[in-house]
Amino acid sequence: MDRNLLRQSLRLGLSILITCAIAQHFQRITYLWYPLLAVNLVVDDQDENSLRAARGRLLGTVTGGLITFLVHSIMAGWIGILVSLLISIPLLRRLGWTSGLSTAVTVTVMFLGIHEYATLSWDYVFNRSIDTLVGIIVALVMGRLLWPKNRLARMQSLHEQLTDLLETRIQAHSLALQGRGSPPPEIQPAVITKQLLELQRLINVELSLGPRHVQRLDRDHWRQRLSLWRCQQVRWLLVERLIERLHRDEGAEYLPALGKYLAQQPAPRSRLNLNNCGTRLSLSQRIALEEQVTRFRRVLTCQQLLNAEHSR
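### Quick word on the overall build of the chain
Moving on, step 1. When its secondary structure is counted, the chain shows 12 helices and 0 strands.
Moving on, step 2. Listing each helix as α and each strand as β along the chain from the N terminus yields α-α-α-α-α-α-α-α-α-α-α-α.
Moving on, step 3. At a minimum sequence separation of 6, the contacts of the chain that also span at least 24 residues come to 74%.
Moving on, step 4. Element-wise, carbon and sulfur atoms account for 60% of the exposed surface of the chain, whose accessible area totals about 17,400 Å².

### Thoughts on helix α11 (residues 256-263)
Spacing of three or four residues puts side chains on the same side of an α-helix, whose turn is 3.6 residues.
Moving on, step 1. Every buried residue of α11 is accounted for by Leu258, Gly259, Tyr261 and Leu262. All buried residues of α11 project into a common sector of 165 degrees when viewed along the axis, lining one side.

### Overview of the pattern of salt bridges
Moving on, step 1. According to the stated counting rule, one finds 11 salt bridges in the structure shown.
Moving on, step 2. Residues Arg241 and Glu186 are paired through a salt bridge, measuring 3.5 Å at the closest nitrogen-oxygen approach. Highlighted residues: Arg241 in helix α10 (residues 222-250) and Glu186 in the loop between α7 (151-177) and α8 (189-207), separated in sequence by 55 residues.
Moving on, step 3. Take Glu186: its relative accessible area is 54%, and that puts it in the exposed class.
Moving on, step 4. Of the charged contacts, one joins Glu291 and Arg295 as a salt bridge, the two residues approaching to 2.7 Å between their closest N and O atoms. Taken together, the positions of Glu291 and Arg295, both in helix α12 (residues 283-310) and 4 residues apart, correspond to about one turn of that helix.

### Considerations on the side chain of Thr63
Moving on, step 1. With respect to the helices and strands, Thr63 occurs in helix α3 (residues 50-72).
Moving on, step 2. Residue Thr63 is classed as buried on the basis of its relative accessible area, which comes to 10%.
Moving on, step 3. Setting aside residues no more than four positions away along its own chain, Thr63 makes contact with Leu91, Leu92 and Trp97.

### Some thoughts on the packing of helix α1 (residues 3-26) against helix α2 (residues 33-42)
Moving on, step 1. Taken N-terminus to C-terminus, the directions of α1 and α2 make an angle of 160 degrees; their axes are 10 Å apart at the nearest point. By the criterion of interaxial angle, the relationship of α1 to α2 is roughly antiparallel. Considering the relative orientation of α1 and α2, their crossing is right-handed. Of α2, the residues touching α1 (which contributes Leu12, Ser15, Ile16, Thr19 and Cys20) are Pro35, Leu36, Val39 and Asn40.
Moving on, step 2. Considered class by class, the residues forming the contact of α1 with α2 number 6 nonpolar, 3 polar and no charged.

### A closer look at α1
Moving on, step 1. The end-to-end C-alpha distance of α1, which contains 24 residues, comes to 35 Å, matching closely the 34 Å that a straight helix rising 1.5 Å per residue would cover.
Moving on, step 2. Restricting attention to buried positions, one finds in α1 the residues Gln8, Arg11, Ser15, Thr19 and Ala23.
Moving on, step 3. Among the residues trailing α1, Gln27 stands out with phi positive, at a value near 50 degrees.

### Re unusual backbone geometry
Moving on, step 1. Here the amide bond leading from Gln265 into Pro266 is cis, since omega sits at -5 degrees, within 30 degrees of zero.
Moving on, step 2. Within the secondary structure, Pro266 is located in the loop between α11 and α12.
Moving on, step 3. Here the phi dihedral of His221 falls at roughly 60 degrees; this positive angle occurs in a residue that is not glycine.

### Considering the packing of aromatic side chains
Moving on, step 1. Within the structure shown, the criterion is met by 1 aromatic pair.
Moving on, step 2. When the ring of Trp229 is compared with that of Trp236, the centres are 6.4 Å apart and the planes differ by 40 degrees; the resulting orientation is tilted. Trp236 carries the same exposure label as Trp229, and that label is buried.
Moving on, step 3. Positioned over the ring face of Trp222 is Arg225, at 4.1 Å from the centre of the ring.

### Focus: the environment of Leu37
Moving on, step 1. Relative to the helices and strands, Leu37 is located in helix α2.
Moving on, step 2. A relative accessible area of 15% means that Leu37 is categorised as buried.
Moving on, step 3. Here the alpha-carbon distance between Leu37 and Thr106, two residues 69 residues apart in the chain, equals 9.3 Å.

### Topic: the environment of Thr132
Moving on, step 1. Take Thr132: it is sitting in helix α6 (residues 122-145).
Moving on, step 2. Take Thr132: its relative accessible area is 4%, and that puts it in the buried class.
Moving on, step 3. As a C-alpha pair, Thr132 and Val62 span 70 residues in sequence and 9.5 Å in three-dimensional space.

Here is what the cut-offs are and how they apply
- Residues numbered from 1 in each chain as written.
- Predicted model: local features only at pLDDT ≥ 70, side-chain atom pairs only at ≥ 80, totals over all residues.
- Heavy atoms only, no water.
- Helix = DSSP H or I, 4+ residues; strand = E, 2+ residues; numbered from the N terminus.
- Contact = heavy atoms within 4.5 Å.
- Areas by Shrake-Rupley, 256 points an atom, 1.4 Å probe, with all protein chains shown as cover.
- Buried < 20%, exposed > 50% of the residue type's maximum accessible area, 1.4 Å probe, protein only.
- Arc of directions from axis to C-beta.
- Salt bridge = Lys/Arg side-chain N within 4 Å of Asp/Glu carboxyl O.
- Axes fitted to C-alpha atoms, helices over the stretch in contact; angles between N-to-C directions.
- Parallel < 35°, antiparallel > 145°, perpendicular 65-115°, else oblique.
- Left-handed = near helix turned anticlockwise from the far one by under 90°.
- Nonpolar A, V, L, I, M, F, W, Y, C, P; charged D, E, K, R; others polar.
- Expected span 1.5 Å × (residues − 1).
- Phe/Tyr/Trp six-rings, centres within 6.5 Å; stacked < 30°, edge-to-face > 60°.
- Lys NZ or Arg CZ within 6 Å of the ring centre and 35° of its normal.

This is how it looks when you write it as structure tokens:
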């Protein structure tokens, strides 16, 4: 069972249960649909910025309600819904409240689509906004109390997983090329790509949260780390393919010079040279190995220096 899915289901279920209990206890919320809709929209597994999203949804509710009320005083029915949407959507985009678009659209349709839409008034708009606020507050509190997300810790975990995978495969290839072990299993590019995309997403979320979060990213050099990983990903996969082809073509013939160069510590300053390696490498294969492994090793050295600086 997916632990993250289980946690999300529990968080959503408890938020809905508490919202229903509040509505039942105070008997103020006439239409329970509004707070429950807010709960479902705010308790979102992909929504890392819950506070900003909650504000956007509340503003979307108010904006959609007010515009719908104003349009309702002139026209009604589906024409009124169309005109309200044509005003609400550009206005919310202009104000930067795009996270409230879904709420504003839903509220517009619901306000003019209900059976007794003729009762729409300022009080109705205000009360439905309060109902939505109740659901938002419950969802935010439950999100803070139950398994709050720590983006920086998740980013560090992804970085360490990628680093461990890279270093493990380098060591295995080095030993295999020197005849002291067997090569690792074929690399899975999808795993690396998935982790890098997740790292990119988390960094983008942090960048969108304001100067304080950007300062934390810069302090830990996360943008530099991601840039190095992007560069390294291409080199890494290319070197893996070249070494796999080498094992496939050469069979049991080893290449100790390449194996030592891959894992040499401290990092080699000179380029890889396979001129006198004593193997039957073709000229194109030797040039490709020398060029790509040298570049790969240099980017790896930059990564190791940056990691060492961060760990101080």
